[in-house]
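Each chain, letter by letter, is given below.
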Amino acid sequence: MEQMVNVFLFGKKYTVPDSLTIMEAMEYAGYQLIRGCGCRNGFCGACATIYRIAGDRDLKTCLACSTKVENNMYVATLPFFPLVKQVYDIENVKPDQQIMMQLYPEIYSCIGCNACTKSCTQGLDVMQYIAYAQRGDFEKCAELSFDCVMCGVCSSRCPAGISHPQVAMLARRLNGKYLAPHCDHLDARIEEIQAGKYEKLLEDLMGKPLSEMQELYNHREIEA
């Protein structure tokens, strides 16, 4: 038989199997997840969660879809955090330090507390990639932030009000547009997509039952 643990979801106590993730425990307890859930596999960042274990003063952060429940876990989800998202045309901006000063000047108010790094659900060195953004080193910023899932937990803990995921997104776009080596095969693939080469394939896939789609996915050809 499964071991059962006590979890507190939004202050209410539930007893659930210890094999469940936080997201599965919420559904087990009767919650219908409409917001705050997405890919369910640790990639979309929609299920940002904060929790504390009874008797432990530390406030921890995680993604609910990929974190197992623990006994006496107190849980609150953070499905949305109001990040500052500046509007810009990537065709009309340049990869220099001025663009960060113009669009995200708050990064220069960083006090070096490292709360962003400590709270990152992906274990990224957030404060370091912000330091690279401050210096205009977008290639290194893009590399360090590559696995960011835009959950916003880092920003929720930042006393300077920095929108770290949006800063990182701008750095990756600048790097991809202006700094990274040009990929001819990517241009060719984009042309194929725009010409409609894959539309019938997508229509056929959408018409297949879920079980067949799962089988195709599990046995797909993966490039080396």
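Right above here is the structure, for reference.
Residues numbered from 1 in each chain as written. Predicted model: local features only at pLDDT ≥ 70, side-chain atom pairs only at ≥ 80, totals over all residues. Heavy atoms only, no water.

Peer 1: I would appreciate a short explanation of the overall build of the chain in the present structure.
Peer 2: Regarding its fold elements, the chain presents 10 helices and five strands. Over its C-alpha atoms, taken along the principal directions, the chain stretches across nearly 55 × 50 × 30 Å. Evaluated residue by residue, the chain yields a buried proportion of 34% over its 224 residues. For the chain, restricting intrachain contacts to residue pairs at least 6 apart in sequence, the fraction spanning at least 24 positions comes to 57%. Surface summary for the chain: the accessible area is close to 14,200 Å², and the carbon and sulfur share equals 52%. Looking at charge distribution, the chain has the averaged site of its 22 positive side-chain charges lying 8 Å from that of its 27 negative ones. (Helix = DSSP H or I, 4+ residues; strand = E, 2+ residues; numbered from the N terminus. Buried < 20%, exposed > 50% of the residue type's maximum accessible area, 1.4 Å probe, protein only. Contact = heavy atoms within 4.5 Å. Areas by Shrake-Rupley, 256 points an atom, 1.4 Å probe, with all protein chains shown as cover. Lys, Arg positive; Asp, Glu negative; His and termini not counted. Charge placed at Lys NZ, Arg CZ, Asp CG, Glu CD.)

Peer 1: Can you help me understand the packing of helix α4 (residues 126-135) against helix α7 (residues 164-179) in this one?
Peer 2: Two quantities define a packed helix pair, namely the angle between the helix axes and the distance between the axes. Two elements in contact, α4 and α7, have axes separated by 10 Å at closest approach and are oriented at 50 degrees. Compared by their axis directions, α4 and α7 come out oblique. As for the relative orientation of α4 and α7, their crossing is left-handed in sense. Two secondary-structure elements touch here, α4 through Val126, Tyr129, Ile130 and Ala133 and α7 through His164, Pro165, Val167 and Ala168. Looking at the contact of α4 with α7 residue by residue, the classes come out as seven nonpolar, one polar and no charged. (Axes fitted to C-alpha atoms, helices over the stretch in contact; angles between N-to-C directions. Parallel < 35°, antiparallel > 145°, perpendicular 65-115°, else oblique. Left-handed = near helix turned anticlockwise from the far one by under 90°. Nonpolar A, V, L, I, M, F, W, Y, C, P; charged D, E, K, R; others polar.)

Peer 1: What exactly am I supposed to notice about the packing of aromatic side chains here?
Peer 2: The geometry of an aromatic ring pair is captured by two quantities: the separation of the ring centres and the angle between the planes. Overall, the coordinates contain three aromatic pairs when judged by the stated rule. Judged by centre distance (4.1 Å) and plane angle (0 degrees), the ring pair of Phe8 and Tyr74 falls under stacked. You can see Phe8 sitting in strand β1 (residues 4-9) and its partner Tyr74 sitting in strand β5 (residues 73-77), a full 66 residues away along the chain. A residue is classified by how much of its surface remains accessible, and Phe8, at 13% relative accessible area, is buried. Take Tyr74: its relative accessible area is 40%, and that puts it in the partly exposed class. Ring centres 5.9 Å apart and planes at 70 degrees place the aromatic pair Tyr14 and Tyr31 in the edge-to-face group. Of this pair, Tyr14 sits in strand β2 (residues 12-17) while Tyr31 sits in the loop between α1 (22-28) and β3 (48-53), and the two are 17 residues apart along the sequence. (Phe/Tyr/Trp six-rings, centres within 6.5 Å; stacked < 30°, edge-to-face > 60°.)

Peer 1: Any chance you could explain the sheet that holds β2 here in plain terms?
Peer 2: To summarise the sheet geometry, strands pair through backbone hydrogen bonds and adopt either a parallel or an antiparallel arrangement. The mixed open sheet is built from five strands, whose spatial order is β2-β1-β5-β3-β4. Strand pairing shows two members of the sheet lacking a second neighbour, β2 and β4 (60-63), which therefore form its edges. Taking the axes of each pair of neighbouring strands and ignoring which way they run, one obtains an average angle of 35 degrees across the sheet. (Pairing = 2+ DSSP bridges.)

Peer 1: Would you take a moment to explain the pairing of β2 for this structure?
Peer 2: On a regular strand, each side chain points to the face opposite its neighbour's, so the side chains alternate between the two faces of the sheet. Here β1 pairs with β2 via six bridges, running antiparallel. Looking at the pairing, Met4 lines up with Pro17 of β2. Counting the residues in the hairpin turn of β1 and β2 gives two residues, including Phe10, whose phi is positive at 55 degrees.

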